[in-house]
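Spelled out, the chains give:
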Amino acid sequence: MNVRSFEATVSRLTLRMTNFLLDIVGQHDGGRAGFGLPAGAVYLKERQLILAGTPCDPPLFHEAMHNAAAATGADVILVHHGLHPEALNPVQFSVLVHMSREPQLLGDMILYFHPADDYWLVPSGKGPFIALEEDGLRVDFEPPFMTFHERCEGVCQAAAMIARATRATGVM
């Protein structure tokens, strides 16, 4: 099912954010994911990944993320984008990822971009790093950057990409 067909039940902003995430993982068709996740959540069965977006702050939908992971065995990414992503509201991610076959919920993650190493979710503080790859998520305990300056540059570049991707264009 093409994600564009979700438009009737999903805000334009959440749809733009979901499409941005789908661009990152290189897929634009998937099934609807229920399980109490926000409207417009997308289940990419062959990648064992569920993507969802909401303007609501964490921990809203964390229980639904656990329910979705238990029912499907998939990893879940929930982006909390606010009403003005990266302009007035910092975008943060909640990620439920399976490590040693056990679901682990990682919160307060932010998007990082490196031209040679693509997209990552990095913790605001300490914790594992999540690579967003075409075949799913990869957990790593080594950062995708060498210096704090490189981290800041990659986070700022990703924030600019989010702002461009979610900006309203033209008359709607």
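Enquirer: Where do I start with the pairing of strand 3 (residues 49-54) in this structure?
Expert: Walk down a regular strand and you will see the side chains alternate between the two sheet faces. Strand 3 sits mainly inside the fold: six of its six residues count as buried. Burial of the side chains of strand 3 extends over both faces: Leu49, Leu51 and Gly53 are buried on one face and Ile50, Ala52 and Thr54 on the other. Hairpin connection between strand 2 (residues 42-44) and strand 3: a loop of four residues separates the two successive antiparallel strands, and Gln48 in this loop has a positive phi of roughly 50 degrees. With six bridges connecting them, strand 3 and strand 4 (residues 75-80) associate as parallel partners. Within strand 4, the residue paired with Ile50 across the bridge is Val76. For the handedness criterion, the β-α-β arrangement of strand 3, helix 2 (residues 62-72) and strand 4 is classed as right-handed.

Enquirer: Help me out: how do you make sense of the state of the cysteines in this one?
Expert: Note on terminology: disulfide describes a covalent bond linking the sulfur atoms of two cysteines. All chains considered together, the criterion is met by zero disulfides. Cys152 takes part in no disulfide bond, and the closest cysteine sulfur, belonging to Cys156, lies 6.4 Å away. For Cys152, a relative accessible area of 29% gives the class partly exposed. Take Cys156: its relative accessible area is 53%, and that puts it in the exposed class.

Enquirer: Looking at this structure, how should I read the side chain of Gln27?
Expert: Position of Gln27 relative to the elements: it lies in the loop between helix 1 (12-25) and strand 1 (31-32). One polar contact links Gln27 to Arg47, side chain to side chain, over a distance of 3.3 Å. Sequence-distant contacts of Gln27, defined by excluding residues within four places in its chain, comprise Leu22, Leu44, Glu46 and Arg47.

Enquirer: What is the right way to look at the environment of Phe129 in this model?
Expert: Along the chain, Phe129 turns up in strand 8 (residues 129-133). Taking the relative accessible area as the measure of exposure, Phe129 reaches 10% and is therefore buried. Taking the C-alpha atoms as reference points, Phe129 and Glu142, 13 residues apart in sequence, are found 7.0 Å from one another. With residues up to four places along the chain from it excluded, the contact list for Phe129 reads Trp120, Leu121, Val122, Pro123, Arg138, Val139, Asp140, Phe141, Glu142, Pro143, Pro144 and Phe145.

Enquirer: Hey, could you run me through the pairing of strand 9 (residues 136-140) in this one?
Expert: In this sheet, strand 9 lies alongside strand 8 in antiparallel orientation, the contact comprising five bridges. If you follow Leu132 over to strand 9, its bridge partner there is Leu137. Adjacent in sequence and paired antiparallel, strand 8 and strand 9 are bridged by two residues.

Enquirer: So what exactly am I meant to see when it comes to unusual backbone geometry here?
Expert: Where the residue is not glycine, phi is negative for most of them; where a peptide bond is considered, it is trans in most cases. Cis geometry marks the peptide bond from Pro58 to Pro59; its omega dihedral reads 10 degrees. Positionally, Pro59 belongs in the loop between strand 3 and helix 2. Positive phi, normally seen in glycine, also occurs at Arg101, with a value near 65 degrees. Residue position: Arg101 is located in the loop between strand 5 (92-99) and strand 6 (102-114). The backbone phi angle of Asp108 is positive, close to 55 degrees, even though this residue is not glycine. Mapped onto the elements, Asp108 comes out in strand 6. Using a relative accessible area of 40% as the deciding quantity, one classes Asp108 as partly exposed.

Reading the values: the criteria
By convention here, each chain's residues receive numbers from 1 onward along its written sequence. The predicted origin of the model limits local features to residues at a pLDDT of at least 70 and limits the giving and counting of side-chain atom pairs to 80 or more, whereas totals for whole chains, interfaces and linings rest on all residues. For side-chain calculations, the full set of non-hydrogen atoms in the structure is used, while hydrogens and water are omitted. Residue burial is assigned from relative accessible area. The probe radius is 1.4 Å, only protein chains are included, and a residue is buried under 20% of its type maximum, exposed over 50%, and partly exposed in between. Helical segments are the DSSP runs of H or I of at least four residues, strand segments are the runs of E of at least two, and each set is numbered from the N terminus. Strands pair, by our definition, only if DSSP identifies at least two bridges between them. A clockwise path from the first strand over the helix to the second, with the strands pointing away from the viewer, defines a right-handed crossover. For the purposes of this analysis, a disulfide is any pair of cysteine sulfur atoms at a distance within 2.5 Å. Any pair of N or O atoms that falls within 3.5 Å is considered a polar contact. Within protein, one atom must be able to donate a hydrogen and the other to accept it, and sequence-neighbouring residues count only if both atoms are side-chain atoms. In what follows, residue pairs with any heavy atoms lying within 4.5 Å of each other are defined as contacts.

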